Amino acid sequence: EVELFVNGARVGRAMRGDGRSIAFVNGSWFRGIERLTATFVVPYSPGNLTAVGHVRATGRTDVRTLLTTGMPAALRLAADRTTICASRNDLAYVTVYVVDSAGRHVPHARVDVNFDFEGDGELYRVGNGDPRDLGSFQQPRRTTHRGRVLAVLRPKANAAGGTLTLRAAATGLGAASVTLQTKACPL
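Quick caveat, the model's predicted, so the values are computed rather than measured.

A. Here's a closer look at the sheet that holds strand β9 (residues 92-99). Pairing is antiparallel in the open sheet, where 4 strands are placed in the order β7-β9-β13-β11. A single partner strand is all that each edge strand has here, and the edge strands are β7 (74-79) and β11 (121-127). Neighbouring strand axes in the sheet, compared pairwise and without regard to direction, differ in orientation by 25 degrees on average.

B. View of the pairing of strand β5 (residues 48-55). Bridge count between strand β1 (residues 2-6) and β5: 5 bridges; the pairing is antiparallel. Bridge pairing in β5 links Phe 5 to Thr 50. In this structure, β5 lies alongside strand β6 (residues 60-67), joined through 8 bridges in antiparallel fashion. The partner of His 54 across the bridge, within β6, is Thr 61. Linking β5 back to β6 in an antiparallel pair, the connection comprises 4 residues, with Gly 59 at a positive phi of about 75 degrees.

C. Local environment of the confidence of the model for the chain. With 88% of its residues at a pLDDT of at least 70, the chain reaches an overall mean of 88. Counted against residues more than four places away or in other chains, residues 18-22, with its pLDDT under 50, gives 16 contacts.

D. Up close: the pattern of salt bridges. Per the stated rule, a full pass over the model turns up 13 salt bridges. Ionic pairing is found between Arg 10 and Glu 3, a salt bridge with its closest N-O pair at 2.6 Å. For Glu 3, a relative accessible area of 11% corresponds to the buried category. The closest approach of N and O atoms between Asp 133 and Arg 142, which form a salt bridge, is 3.4 Å. According to the relative accessible area criterion, Arg 142 is buried, its value standing at 5%. Each of Glu 1, Glu 3, Arg 10 and Arg 13 takes part in one network of salt bridges that share partners.

E. Here's a closer look at the nonpolar core. Judged by nonpolar contacts, the single largest core of 25 residues is most densely connected at Leu 75, Leu 77, Phe 115, Leu 153 and Leu 166. At the level of elements, β7, β9, β10 (112-119), β11, β13 (148-155), β14 (162-170) and β15 (174-183) are the ones that each hand at least two residues to this core. Once residues lying within four places of it in the same chain are set aside, the contact partners of Leu 166 are Leu 77, Val 94, Phe 115, Asp 116, Leu 123, Ala 151, Leu 153, Ala 176, Ser 177 and Val 178.

Calculation criteria
Residues numbered from 1 in each chain as written. Predicted model: local features only at pLDDT ≥ 70, side-chain atom pairs only at ≥ 80, totals over all residues. Heavy atoms only, no water. Pairing = 2+ DSSP bridges. Helix = DSSP H or I, 4+ residues; strand = E, 2+ residues; numbered from the N terminus. Axes fitted to C-alpha atoms, helices over the stretch in contact; angles between N-to-C directions. pLDDT = per-residue confidence, 0-100. Contact = heavy atoms within 4.5 Å. Salt bridge = Lys/Arg side-chain N within 4 Å of Asp/Glu carboxyl O. Buried < 20%, exposed > 50% of the residue type's maximum accessible area, 1.4 Å probe, protein only. Core = buried A, V, L, I, M, F, W, Y, C linked by side-chain atoms within 4.5 Å.

Encoded structure:
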């Protein structure tokens, strides 16, 4: 059973479906897919949408909230780690997010991002996950898809270690950067 709230106001409560329908999902047919789904018809309203799931048998409750995002305001970079091996066989993945003024990821944003790299390595590849985008993975620019783009950094083989600095910029959103450390690692 699910209870739904829009901006704090209760919309209603719904049970899961009866499981008699079939649906085509991700290339496969499923019977009874609605057994996992409670359906609401709600007019759009900016703000927050909160679903509260209730499991009668256990008394357990789970809460999920979605927030409306504002207009794109900045870029935020998130690296998968802060230190990598100074080896050609190691890679660092940096996700560039388009965020609003509150720092929330804007999933519908499509902006052109340009990259600058400096340090003991290279900007190895860029991608966005959009199967329709036929742009080069080797150029230092990419258009975001679903508000994100991924940059892959590759260090030089350097026994002393060093730094990798990636800077991302987009017109109207300014620039952001991240610096990673490279260190000597055992073979």
